[in-house]
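Take a look at the letters that make up each chain.
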Amino acid sequence: MTADDSYGRLDDDDYPAYTMGRAADMLGTTPAFLRAIGEARLITPLRSEGGHRRYSRYQLRIAARARELVDQGTPIEAACRIIILEDQLEEAQRINAEHRRAAASAQPMTAS
């Protein structure tokens, strides 16, 4: 990978740029919290060649949402489930909107 390739990935939300320690610092949490949400399968960090967890900006946003819920008193397992359900709902709403648009465009126009 060249330096130009590396710089191009800085804008990639899915690029695993952050170590566990750095991610925990950015979120104001502990590495144990990140491990816990990984065990709950909310996020699955990629692993470096040495086996270290690496997090993307997208994963950090999800982790930040989990932290918000936990800070409000929600148990971590419940927080993870809530976020998963919110994501599924958002996806279902997106799909429904696409189907509505397709159905609307497929209906013949009536003449007045």
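The coordinates are above.
These figures come from a predicted structure and were not determined experimentally.

### Focus on the pattern of salt bridges
Oppositely charged side chains are able to pair whenever their charged atoms sit close together.
Next up, step 1: Tallied over the full model, the rule gives seven salt bridges.
Next up, step 2: With a closest N to O distance of 3.2 Å, Asp 13 and Arg 57 form a salt bridge. Highlighted residues: Asp 13 in the loop between α1 (3-8) and β1 (18-19) and Arg 57 in helix α4 (residues 57-71), separated in sequence by 44 residues.
Next up, step 3: Note on Arg 57: relative accessible area 27%, which makes it partly exposed.
Next up, step 4: Ionic pairing is found between Arg 61 and Asp 13, a salt bridge with its closest N-O pair at 2.7 Å. Of the two residues, Arg 61 is situated in helix α4 and Asp 13 in the loop between α1 and β1; the sequence distance between them amounts to 48 residues.
Next up, step 5: Note on Arg 61: relative accessible area 45%, which makes it partly exposed.
Next up, step 6: In this structure Asp 13 comes out as partly exposed when scored by relative accessible area, which is 29%.
Next up, step 7: The network of salt bridges with common partners includes Asp 13, Arg 57 and Arg 61.

### Considering the packing of α4 against helix α5 (residues 76-106)
Next up, step 1: Closest axis-to-axis distance for the α4/α5 pair is 9 Å, and the angle between their directions is 130°. As the angle between them shows, α4 and α5 are arranged oblique. Once α4 is placed against α5, the crossing between them reads as right-handed. Along its contact with α4, which presents Ile 62, Arg 65, Ala 66, Leu 69 and Val 70, the element α5 presents Ile 76, Ala 79, Ile 82, Ile 83 and Glu 86.

### What about the layout of surface pockets?
Next up, step 1: By volume, the largest pocket is sized at about 210 Å³.
Next up, step 2: As for the largest pocket, its lining consists of Leu 42, Tyr 58, Arg 61, Ile 62, Arg 65, Ile 83, Ile 84, Glu 86, Asp 87, Gln 88 and Glu 90.
Next up, step 3: Elements supplying a minimum of two residues to the lining of the largest pocket: α4 and α5.
Next up, step 4: Class assignment of the residues belonging to the lining of the largest pocket gives a composition of five nonpolar, one polar and five charged.

### Details of the nonpolar core
Next up, step 1: Membership of the largest hydrophobic core comes to 18 residues, with the highest contact counts inside it found for Leu 34, Ile 37, Leu 42, Ile 43 and Tyr 55.
Next up, step 2: Of all the elements in the fold, those that place two or more residues in this core are α2 (20-27), α3 (31-39), α4 and α5.
Next up, step 3: In terms of residue count, α4 provides more of this core than any other element does, five residues in total.
Next up, step 4: When residues no more than four places from it in sequence are discounted, the contact partners of Ile 43 are Ile 37, Gly 38, Tyr 55, Gln 59, Ile 62 and Ala 63.

### Considering α2
In an α-helix, one full turn covers 3.6 residues, which means residues spaced three or four apart are oriented alike.
Next up, step 1: When α2 is considered as a whole, its buried residues turn out to be Met 20, Ala 23, Ala 24 and Leu 27. Here the buried residues of α2 occupy an arc of 100° about the axis, which is enough to place them on one side.
Next up, step 2: Downstream of α2 by a residue or two, Gly 28 has a phi angle that is positive, lying close to 70°.

Calculation notes
- Residues numbered from 1 in each chain as written.
- Predicted model: local features only at pLDDT ≥ 70, side-chain atom pairs only at ≥ 80, totals over all residues.
- Heavy atoms only, no water.
- Salt bridge = Lys/Arg side-chain N within 4 Å of Asp/Glu carboxyl O.
- Helix = DSSP H or I, 4+ residues; strand = E, 2+ residues; numbered from the N terminus.
- Buried < 20%, exposed > 50% of the residue type's maximum accessible area, 1.4 Å probe, protein only.
- Axes fitted to C-alpha atoms, helices over the stretch in contact; angles between N-to-C directions.
- Parallel < 35°, antiparallel > 145°, perpendicular 65-115°, else oblique.
- Left-handed = near helix turned anticlockwise from the far one by under 90°.
- Contact = heavy atoms within 4.5 Å.
- 1 Å grid on protein atoms, 1.4 Å probe; cavity = no way out; pocket = protein on both sides within 12 Å on 5 of 7 lines; lining within 4 Å.
- Points joined across faces, edges and corners; volume = space filled by probe spheres on them.
- Nonpolar A, V, L, I, M, F, W, Y, C, P; charged D, E, K, R; others polar.
- Core = buried A, V, L, I, M, F, W, Y, C linked by side-chain atoms within 4.5 Å.
- Arc of directions from axis to C-beta.

Nothing here speaks to function; it is geometry throughout.
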